[in-house]
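# An overview of the molecular structure
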Amino acid sequence: MSYVTTSDGTEIFYKDWGPREAQAIVFHHGWPLSSDDWDSQMMFFLDKGFRVIAHDRRGHGRSTQTFTGNEMDTYAADVAALTDQLDLKGAIHVGHSTGGGEVARYVARAKPGRVAKAVLIGAVPPLMVKTEANPGGLPIEVFDGFRAAFLANRAQFFKDVPSGPFYGYNRPGAAPSQGVIENWWRQGMMGGAKAHYDCIKAFSETDFTEDLKAISVPVLVMHGDDDQIVPYADSAPLSAKLLKNGVLKTYPGFDHGMCTTHPDVINADLLAFFQS
C-alpha cells in the first residue's frame, strides 16, 4: 500500500491508478468515510484514460488515527504533501462534502501550476453553522446533536446516517441499498473516534469565504436540492457567487450522496467539465 508521511509523522494512505503521464484527478472524500467512497468515479475515469488518485484523510480509513491536526489547515497541508510527493501538475481536484472544504482550502493555497480545475460536490463551503454573518446556516445545536449521538454510540450513529438522510433513503418511495449502507458503516468504523469527533467542528465551523474568493481556476459546484446533510440554499449558490470562475449545477431531488446514488449522471457531468 502507498503512503505519504507528513511533517508531523502522520501516514496518509492513498491510491494512485492509471498512466503517470495522463491528466490526474484527485478525489477528496466526505466525513467519516475514506477513499473507497470514490470507487464508482475512480473506475469510470480510469477507463476514460485518466490518472485517478484518492487519499484517506488523516484519522480516516487506513491513515494514521491522529490525535491532533484534525482541522482544515492541516488537512490542506496533508494534501499539499501528497501532491508534492507525486509532483502533480495541472491536476483536477474533486471534493465531496467535507472533502469540498478540503479542496477549497488546498486549492486557494496550492503552489502555482499544481491545479487546473476543481469540483465541489454537496460541499460544506462557504460555512455550515449559523452565525450573525451567516443567518441561513444550521444552528450549532444540530452539530452538538451529531457529537452527542457519536459519543453515545458511534456504531449505531454510523448506521442511522446512511440508512436515512445521507442517501435520501428516508424519503417516500426510496429504495435503500443495504450494501451501500453497510459500506458507509464499514468505511466510518475504520477511522479513529477522536479524529472523527474533531472533524465535526472542522466541517461545520470552518469559514471558507476567503478561500473561495482566492481561487482563480475554473470550479464546478454540483449540489442536489434535496440534500439533507448540507442544505442547498446556504451552500452551493453562495459558493458559486464567491468564486471568480465558478459554475453552479443544481440537481432537482438529488440527495447528499448523489455520487453513489446517481453515478451515471454525476460521472457524465464531471467528464464534460474535465474535457471542456
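Remember, it's a predicted structure, so these values are computed and weren't measured experimentally.

### Here's the deal with the nonpolar core
Soluble globular proteins tend to bury their nonpolar side chains together. In this structure, W31, V107, F203 and V219 are the most contacted members of the largest nonpolar core, which totals 44 residues. Not counting residues up to four positions away in its chain, the partners in contact with V107 are H93, V115, A118, I215 and V217.

### With respect to the pattern of salt bridges
One pass over the full model with this rule turns up 23 salt bridges. Linking K194 and D198 is a salt bridge whose minimum nitrogen-to-oxygen distance equals 2.6 Å. Taken together, the residues K194 and D198, both in helix α7 (residues 193-205) and four residues apart, mark about one turn of the helix. Counted as one network, the salt bridges with shared partners bring together K15, D36, D39, D56, R62 and R186.

### Examining the side chain of S235
Within the element layout of this structure, S235 appears in the loop between β7 (219-224) and α9 (236-242). Judged by relative accessible area, S235 falls into the buried class, the value being 1%. A polar contact is formed between the side chain of S235 and the backbone oxygen of P231, at a distance of 2.8 Å. Each residue touching S235, except ones within four places of it in the same chain, is listed here: A123, P125, P126, H223 and V230.

### Structural notes on the packing of helix α4 (residues 140-152) against helix α5 (residues 154-163)
At a minimum axis distance of 5 Å, the contact between α4 and α5 shows a crossing angle of 125°. Our classification of the angle between α4 and α5 gives oblique. Residues F146, A149, F150 and A152 of α4 form the contact with α5, whose participating residues are R154, F157 and F158. The residue inventory of the contact of α4 with α5, partitioned by class, reads six nonpolar, no polar and one charged.

### Points about the sheet that holds strand β1 (residues 2-5)
Pairing between the strands of a sheet is mediated by backbone hydrogen bonds and can be parallel or antiparallel. Taken in spatial order, the eight strands of this open sheet run β1-β2-β4-β3-β5-β6-β7-β8, and their pairing is mixed. The open sheet has two edge strands with one neighbour each: β1 and β8 (246-251). If you compare each strand with its neighbour and ignore which way they point, the axes differ by 20° on average. Note: β7 against β8, six bridges, orientation parallel.

### Notes on unusual backbone geometry
Between W31 and P32 the backbone carries a cis peptide bond, its omega angle lying at -5°. When you line up the elements, P32 lands in the loop between β3 (24-28) and α1 (39-47). A cis amide bond links P125 to the next residue, P126, at an omega of 5°. In this fold, P126 is placed in the loop between β6 (115-121) and α4. Positive phi, normally seen in glycine, also occurs at D87, with a value near 50°. Relative accessible area serves as the criterion here: at 43%, D87 is assigned to the partly exposed category. Unusually for a residue other than glycine, S97 sits at a positive phi of about 60°. Relative to the elements of secondary structure, S97 occurs in the loop between β5 (91-96) and α3 (98-109). For S97, a relative accessible area of 6% corresponds to the buried category.

What counts and how
- Residues numbered from 1 in each chain as written.
- Predicted model: local features only at pLDDT ≥ 70, side-chain atom pairs only at ≥ 80, totals over all residues.
- Heavy atoms only, no water.
- Core = buried A, V, L, I, M, F, W, Y, C linked by side-chain atoms within 4.5 Å.
- Buried < 20%, exposed > 50% of the residue type's maximum accessible area, 1.4 Å probe, protein only.
- Contact = heavy atoms within 4.5 Å.
- Salt bridge = Lys/Arg side-chain N within 4 Å of Asp/Glu carboxyl O.
- Helix = DSSP H or I, 4+ residues; strand = E, 2+ residues; numbered from the N terminus.
- Polar contact = N/O pair within 3.5 Å; in protein donor to acceptor, adjacent residues only side chain to side chain.
- Axes fitted to C-alpha atoms, helices over the stretch in contact; angles between N-to-C directions.
- Parallel < 35°, antiparallel > 145°, perpendicular 65-115°, else oblique.
- Nonpolar A, V, L, I, M, F, W, Y, C, P; charged D, E, K, R; others polar.
- Pairing = 2+ DSSP bridges.

What is shown is where atoms sit, not what they do.
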